[in-house]
Amino acid sequence: MAAPSPPSRPRALVAAELGGGTQASQRLLAYSDALLSIIATVMILPVAHMKIHPDQELDESVQQLLATKIAVYLMTFLIVTVAWAAHVRLFQVIELIDDVLALLNLACMMLITFLPYTFSLMAFFPDVPFGIFLFSSCAVIIGAIQAVIVVYGFRRPYLLNPEIQESDNQEFYKFHILKIILRGPTLSFFAAIFSFFFIPLSYMFLGLVIFFPHVSHLVKWFKRKFLGHEEEVPLESFTVYLTEPLSKERVEAFSDGVYAIVATLLILDICEDNVPDAKEVREKYHGHLINALNEFGPAFLAYFGSFVTIGLLWFVHHSLFLHVMKATRLMGLLNTFSLAFIGGLPLAYQMTSEFAEKSHNEIEAIQISCVTIFFASIFQFGIWIAALFYQRETLHPFARYGGKEHAFMFAKLALYPCVSLSVFFLTCIVSELSTTIFHVTQIIVPFAFLALRLLVQIGLLALRSIMSLSRRRNNVLLEEEESCLSAAEILS
């Protein structure tokens, strides 16, 4: 019988023993995740701060400009999440760092923090090729730096994951992780080239950056399922981490970062646009600050309503991932789409706060908010549905079919899609619906979650009572049939 393998020591302890400037990578990864979640989220600012006067009609030209900016925001958000996923894959392979790797990662982060500026150029000048060229060039350079990190790490095997250090297939792992990392930059390189010739083709290449990994995985699944083709890879345990979805913990951390930053952007807008001028307070309101703040009442109501919505969507996300044991690729993709629309909530807040008073665009602002909330929540619901297809691998027993939390999770995840869709259709019927009523509704929703818990418990209790009565009735009928049969046997 083979002796049990010794327990693995913490990587921080291994780094300390190696010395020579070798460090554990946890703090670098936390710093990088924070930067990436911030950069992915603040790209909404050029769209959210698009100034539209309350009395200005949202005519076709304004709507087209707004739609273009939102589309470019969604695309760039998803591309940044692809870069984050590549970064996570990279540091699954390289677990220890030294000063050179730390500086290379900082260079990579510097270019990533520059992406919002390139996005602003793309958003405000969608027909000018230089913005797309600059964005694509940054993506190419980021990929090149990450490739240098891979090559540098494999030349110093003591920095690598212990399983790769002991492997005879280090070359396979090196080229495999390089293929994952350079896939996006290669497509961005073609986008940069075609930006000066045919801009729609550049956007198509940037769109492929987002969907190519999932299309590639789908093609491999089809070949394996229907054609019997198997990918030739070394049969070693670490291979699975390079092909499976990202860890649940990293997905939760990145998601929490996006939710926290979106909530923070709301108060930044309040501080920027809703602090009265000191001179105006003295002259117009005779020094009465409270009277001056009354002018900004609708903006404060919009802030509290929007914060409650963001907080409750995080609460639903937290409740969902509390029952998730493993996230599949589809669940990860749906979570990314949900986060992209969560990142759009500052735009919804900006529009409903600016059009709070009776204006030509009040209904349109409410509708934009409803659409944003609907897609953010429906993709969360989609994560739940995708998890149910493989519930034995993905969900805790309590959340599976028949589990004690299944019904409540279903109701909790369905609440926001149903409410936002109902309010949207209500705006199409009732023209007098105001942003004030909309924000008050947002603030009331938490009580709906409490009522939902109570209603689900009452419903389940009633269902159990009905089923219990049905069983008793069936038992009584069976006993009567048995007594009749026994009587008949006695008579015969």
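Shown above is the structure to which this text applies.
The rules behind these values
Residues numbered from 1 in each chain as written. Predicted model: local features only at pLDDT ≥ 70, side-chain atom pairs only at ≥ 80, totals over all residues. Heavy atoms only, no water. Axes fitted to C-alpha atoms, helices over the stretch in contact; angles between N-to-C directions. Helix = DSSP H or I, 4+ residues; strand = E, 2+ residues; numbered from the N terminus. Parallel < 35°, antiparallel > 145°, perpendicular 65-115°, else oblique. Left-handed = near helix turned anticlockwise from the far one by under 90°. Contact = heavy atoms within 4.5 Å. Nonpolar A, V, L, I, M, F, W, Y, C, P; charged D, E, K, R; others polar. Phe/Tyr/Trp six-rings, centres within 6.5 Å; stacked < 30°, edge-to-face > 60°. Buried < 20%, exposed > 50% of the residue type's maximum accessible area, 1.4 Å probe, protein only.

A. Representation of the packing of helix 15 (residues 329-342) against helix 17 (residues 362-389) in the model. Viewed as axis vectors pointing N to C, helix 15 and helix 17 meet at an angle of 165°, and their least axial separation amounts to 8 Å. As summarised for this structure, helix 15 and helix 17 are arranged roughly antiparallel, according to the angle between their axes. As for how helix 15 packs across helix 17, the hand of that crossing is left-handed. Judged by residue contacts, Leu330, Met331, Leu334, Asn335, Phe337, Ser338, Phe341 and Ile342 of helix 15 engage Thr372, Phe375, Ala376, Phe379, Gln380, Gly382, Ile383, Ala386 and Ala387 from helix 17. For the contact of helix 15 with helix 17, the per-class residue count stands at 12 nonpolar, 5 polar and no charged.

B. Layout of the packing of aromatic side chains. Inspection of every chain in the model, using the stated rule, returns 18 aromatic pairs. Between the aromatic rings of Phe172 and Tyr173, the centroid separation amounts to 5.4 Å while the plane-to-plane angle is 65°, which identifies the pairing as edge-to-face. Phe172 gets classed as partly exposed once you look at its relative accessible area, which sits at 21%. Taken together, a centroid distance of 6.0 Å and an interplanar angle of 25° make the contact between Phe341 and Phe379 stacked. With a gap of 38 residues between them, Phe341 in helix 15 and Phe379 in helix 17 connect regions that are remote in the sequence. Taken as a pair, Phe341 and Phe379 share a single burial class, namely buried. Through pairs of rings, three or more aromatic residues link up here, namely Phe337, Phe341, Phe374, Phe375 and Phe379.

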